[in-house]
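Chain residues, written in single-letter form:
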Amino acid sequence: MRKRFHGLKRIKLRQSWNKYNLFNLSRVEPPKNIERTFFQQKWTAKALTRAYHGETIREKQWTRMFRRTIRSVVPMDYKMLAEKDGSEQAEGRGSGLDPPPDQKPKPFPRTPYLNMTYAPTERRLDTAIFRALFASSTRQARQFVVHGYVRVNGKEMIYPGYQLNPGDMFQVEPDRVLYATGAPKDRFERRAGRKIRARYSKKASNSEGSEDAEPQTPKSDPSHEPTTTDKTPKESLQSLLSQAKELLATPSTSLTAKRKQDLRAFQRTVKRTLGRPKTLTATSLDSQLAEIVARMITAPNTGLKSPSPPKPEVPVLSTPELQAEAATLDSTQLKTLRDALKDARENPVDPSKPYATPWRPREWMSAFAFVPRYLEVHQRVCAAVYLRHPVARPGLAEVPTPYGTEINTLAHNWYLRRR
Amino acid sequence: MPPRIRRPYLRTPQALPSPSHRCQCICKTRARQFSSTPKHATRVRDEMFRWLNGPGFVFRHPLPGSTNYLNAYDRYGRLVRAKNRLVGKNEKEKAEDEEKIDENADEEVNEDGEIVPKKPQKIKEAGIKETKNEPALPRETMEDLMPFPLNRQFRSQHVLSEELKDAIYERVMAEGQSVRTVSAALGVEMSRVGAVVRLKALEKEMEKQGKPIAFSYAKAVLGMLPSTPYVPYAPVTHESINDLPVHRATETQIFHPVSESRHFTRRDAGKVFDRELKPAEERVPHTELVQLEKWRHEGKIEVERIRLQREMEAKDVQSKKALERKRKEREAREMRKVDTERSEFRFQDIRVESVGRSGRSKEGVGARYGIPHQDRKKGQIKIPMRVA
């Protein structure tokens, strides 16, 4: 590990959203190559670009990854393709007729091929996570992968060097993404989080002794009907649990192994939820059980109704006074109120989270926020699809590199191994 | 030798009369310093904090409703396009100001290699209302979308807005349109359409399971990126959908003499490069668009064109179905399934010859006696290469 990752003396740009990096990016200049040998120029270019592209990859590995062939595309106009067969380009003396002097064609932008020198590193999983804005640096992305927070095509992938194939979908645990991209907690928020953790752990150690007794409770009242909607959430949960137990107790031929696994997972969830009365979400559990039951052929057709409240025009507020006041508002104000309530529900204050709540983006992030076109990112679920390998096209290279064509050309020349 | 005691730096911020921002910084964050380690204050570090609190302060928080890249600001931390707007307002009328924005949009098309249609109706809407008195901020130009000042060949490109993603999902899943049709109608690459459908399905699944959805994160990030809006009856092209990949064989320059009288077409030129190389109209992703345009040139009326296209699509679907059927038949022939209570067993016939002459073919199954492993060799990839 080097001494300084973000040095100020000798500028090395990094794949990170750090403010040091931003400052360096704002003042970086291309190296002065006057009176330097070609070798020296190439060496400097290689050192600068490698500090940004895959600095965790060993040089031997990178030289093996390097490819001198560069992918590129040319956007075609389908109207032109239908209209002309290409023979007009061979007219005259073989290279097309000269256009009339008054209508000069627009110069076609050149394709910056050599800006694509580091395209192979963009295929790596950790780099792709950073590019999809799920981590604040490639090193953090690498840590997420190694710690098992990343899935590729639904399966856990622990190798940051995994080379994504076109069509691969990768997802990062949303909580980790919020932690990586959110503002950090201040002192007081950290203390509040510590207190909550301490209380929770104490509670857990107290309730450990009584855990054996807990599964007994639903057995005592198996006559509970799940259709009644006026029960407390706890009671309804317990009845759901007992129903699941009954289903499991039926002879084994009626249930396949997969269904049994589903039911057991459901039971576990219910038990966990019963332990924490604050997070009772009977609706979601109800729907989960309903789904399992629906998939079974032999299941009794119980009328499982989700006890979700009807959605009124006026949002439900805590006190009747507030409710009465809300009823007097006009439609736009109501909409604003509803949006604010929705926002508060989606982004609540929660000291147990490792980031500042309500969540807000970390500082200095916006200057680094861009998503290259070879990725399709869905931020809501913190998942992205690697569509294709990055390509160069006229006027645009898809590999995000902080240096210009000259430096990238020199670096590319270095790896051609003709020094 | 006695242990060396490092002398504290003479140029500590407390000892020197420092710029006001620095003082502020220290007083606010920590009241007392218990550390005896000298504060590492160098000239560059001071400069950095001066920049971060001065011209660089604009990057601390996102610019509401716009991107916020380094290249959009001058060295004093002023937004270049906002500056232009003020100058323009002093000199000319408001109407002329709007024209100027239009020119900017036009310039974008010229510089860009992609086909980006002009969006005259969107320009006024795209501006940002800063305050009630000030006029809207003009849309970003090419220059403003460059996150790296040294690299002018890289730009932050537009992403799909949530509404556009919803529209794509709706058209494919609810209306049952083909990916090809949706791609051509909305100007979104086919692979991207597929990815959006997949990701939206994942979102719905997670919603159903009651897993947390990162709404606040999505809103914040999409606010920092340039995005393509969804206009239901006049879709804005998101990207060029007819990208022709450059073939390896065409990278060389060939001098090929032909007689002057010969009608030398694209197809002929392709054959010169490589015998197998097809012409561009057959290699682009949307060949059906080219075909439609050709029918138009032949003078076919619209009803006829639509009928022909329907026929072509039906034929395509049928050939795909036939292939799928064949694949299934072959699988059923080769694979024997035995369903038990606990699991399903699948038996497949394996041929010994599939290992090949060297015994190292990937199709080969099982360990071969006497063939040493290659996994300790240099350059062998030992981590998974694909996840099914």
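Remember, predicted model here, so these are calculated numbers, not experimental data. (Residues numbered from 1 in each chain as written. Chains lettered and ligands numbered in written order. Predicted model: local features only at pLDDT ≥ 70, side-chain atom pairs only at ≥ 80, totals over all residues. Heavy atoms only, no water.)

(A) Molecular detail of the overall build of chain A. Per the secondary structure count, chain A includes 15 helices and 8 strands. For chain A, buried positions account for 44% of its 419 residues. Taking all contacts inside chain A whose residues are at least 6 apart in sequence as the whole, residues at least 24 apart take part in 67%. Of the accessible surface of chain A, which amounts to about 23,400 Å², a share of 52% is contributed by carbon and sulfur atoms. (Helix = DSSP H or I, 4+ residues; strand = E, 2+ residues; numbered from the N terminus. Buried < 20%, exposed > 50% of the residue type's maximum accessible area, 1.4 Å probe, protein only. Contact = heavy atoms within 4.5 Å. Areas by Shrake-Rupley, 256 points an atom, 1.4 Å probe, with all protein chains shown as cover.)

(B) Quick look at the pattern of salt bridges. Counted by the stated rule, this structure contains 33 salt bridges over all chains. Between B:Arg81 and B:Asp144 there is a salt bridge, with the nearest N and O atoms lying 3.3 Å from each other. Remark: B:Asp144 occurs in the loop between helix H5 (120–126) and strand S1 (159–160) and B:Arg81 occurs in helix H3 (residues 80–91); sequence separation between them is 63 residues. In this structure, B:Arg81 and B:Asp144 share a single accessibility class: buried. Each member of the salt-bridge network shares a partner with another, and the members are A:Arg380, B:Glu162, B:Asp166, B:Lys200 and B:Glu203. (Salt bridge = Lys/Arg side-chain N within 4 Å of Asp/Glu carboxyl O.)

(C) Up close: the packing of aromatic side chains. Taken as a whole and judged by the stated rule, the model has 19 aromatic pairs over all chains. Ring plane angle 80 degrees and centroid distance 5.8 Å describe the contact between A:Trp359 and B:Tyr217, whose orientation is recorded as edge-to-face. Taken together, the residues A:Trp359 in the loop between helix H14 (331–346) and strand S5 (375–378) and B:Tyr217 in helix H9 (residues 215–224) connect one chain to another. Each member of the pair, A:Trp359 as well as B:Tyr217, carries the same accessibility label: buried. An aromatic cluster is defined as three or more aromatic residues linked by ring pairs; in this entry it consists of A:Phe23, B:Trp51, B:Phe59 and B:Tyr73. Positioned above the aromatic ring of A:Trp43 is the side chain of A:Lys46, whose terminal nitrogen or guanidinium carbon lies 4.1 Å from the ring centre. (Phe/Tyr/Trp six-rings, centres within 6.5 Å; stacked < 30°, edge-to-face > 60°. Lys NZ or Arg CZ within 6 Å of the ring centre and 35° of its normal.)

(D) Inspection of the interface of chain B and chain A at higher detail. At the junction of the two partners, chain B supplies 93 residues and chain A supplies 100 residues. Both sides of the chain B and chain A interface together cover about 8,700 Å² of buried area, and 62% of this is carbon and sulfur. At the surface where chain B touches chain A, the tally comes to 6 salt bridges. Residue A:Arg388 pairs with B:Glu189 through a salt bridge whose shortest N-O separation is 3.5 Å. Joining chain B to chain A, the criterion identifies 34 residue pairs in polar contact (both at pLDDT 80 or more). (Buried area = accessible area lost by both parts, 1.4 Å probe. Polar contact = N/O pair within 3.5 Å; in protein donor to acceptor, adjacent residues only side chain to side chain.)

(E) Representation of the UniProt feature "domain: RNA-binding S4" (unreviewed entry) in chain A. Under the local residue numbering, the UniProt record ascribes the feature "domain: RNA-binding S4" (unreviewed entry) to residues 123–183 of chain A. What you have in residues 123–183 of chain A is 39% helix and 16% strand, and the ends, taken at the C-alpha atoms, are 29 Å apart. (UniProt positions renumbered as here; feature names shortened; annotations may be inferred.)

(F) A look at the side chain of A:Thr121. Structurally, the position occupied by A:Thr121 is in the loop between helix H4 (78–83) and helix H5 (125–131). Contact partners of A:Thr121, with chain neighbours within four places excluded, come to A:His53, A:Ile57, A:Trp62, A:Met65 and A:Thr127.

(G) Quick peek at the sheet that holds strand S6 (residues 383–386) of chain A. Residue and element names in this part refer to chain A. With antiparallel pairing, the 5 strands of this open sheet are ordered in space as S3-S2-S4-S6-S5. At either end of the open sheet lies a strand with only one pairing partner, and these are strand S3 (155–156) and S5. Of the strand pairs in this sheet, S5 and S6 are connected by 4 bridges, and their pairing is antiparallel. Bridging across to S6, Glu 376 finds its partner in Val 385. (Pairing = 2+ DSSP bridges.)

(H) Representation of a nonpolar patch on the surface in the model. Taken together, B:Val338, B:Phe345 and B:Phe347 make up a surface patch of nonpolar side chains, about 250 Å² in accessible area. Positionally, B:Phe347 belongs in strand S5 (residues 344–348). (Patch = residues over 30% accessible without salt bridge, like charges linked within 9 Å, V, L, I, M, F, W, Y side chains within 5 Å.)

(I) Structural context of the confidence of the model for chain B. Residues and elements named next belong to chain B. Per-residue pLDDT for chain B averages 81, and the proportion of residues at 70 or more is 77%. Summarising per-element confidence for chain B, the mean pLDDT is lowest in H5 (38) and highest in S1 (97). For the stretch residues 91–132, pLDDT sits under 50, and the model shows 53 contacts to residues farther than four places along the chain or on other chains. With a pTM of 0.76, the predicted complex shows an ipTM of 0.78. (pLDDT = per-residue confidence, 0-100.)

(J) Quick peek at the confidence of the model for chain A. Residue and element names in this part refer to chain A. Predicted confidence across chain A gives a mean pLDDT of 81, with 73% of residues reaching 70 or more. pLDDT under 50 marks residues 277–282. Its contacts with residues more than four places away, or in other chains, come to 7 contacts. Residue range residues 295–312 is modelled with pLDDT below 50. Its contacts to residues more than four positions away, or to other chains, number 23 contacts.

(K) Seen up close, the pairing of strand S4 (residues 335–339) of chain B. All names here are of chain B. Burial runs low along S4: only 0 of the 5 residues are buried. As judged from the 5 bridges shared by S4 and S5, these two strands associate in the antiparallel manner. Considered in S5, the bridge of Asp 339 is made with Glu 344.

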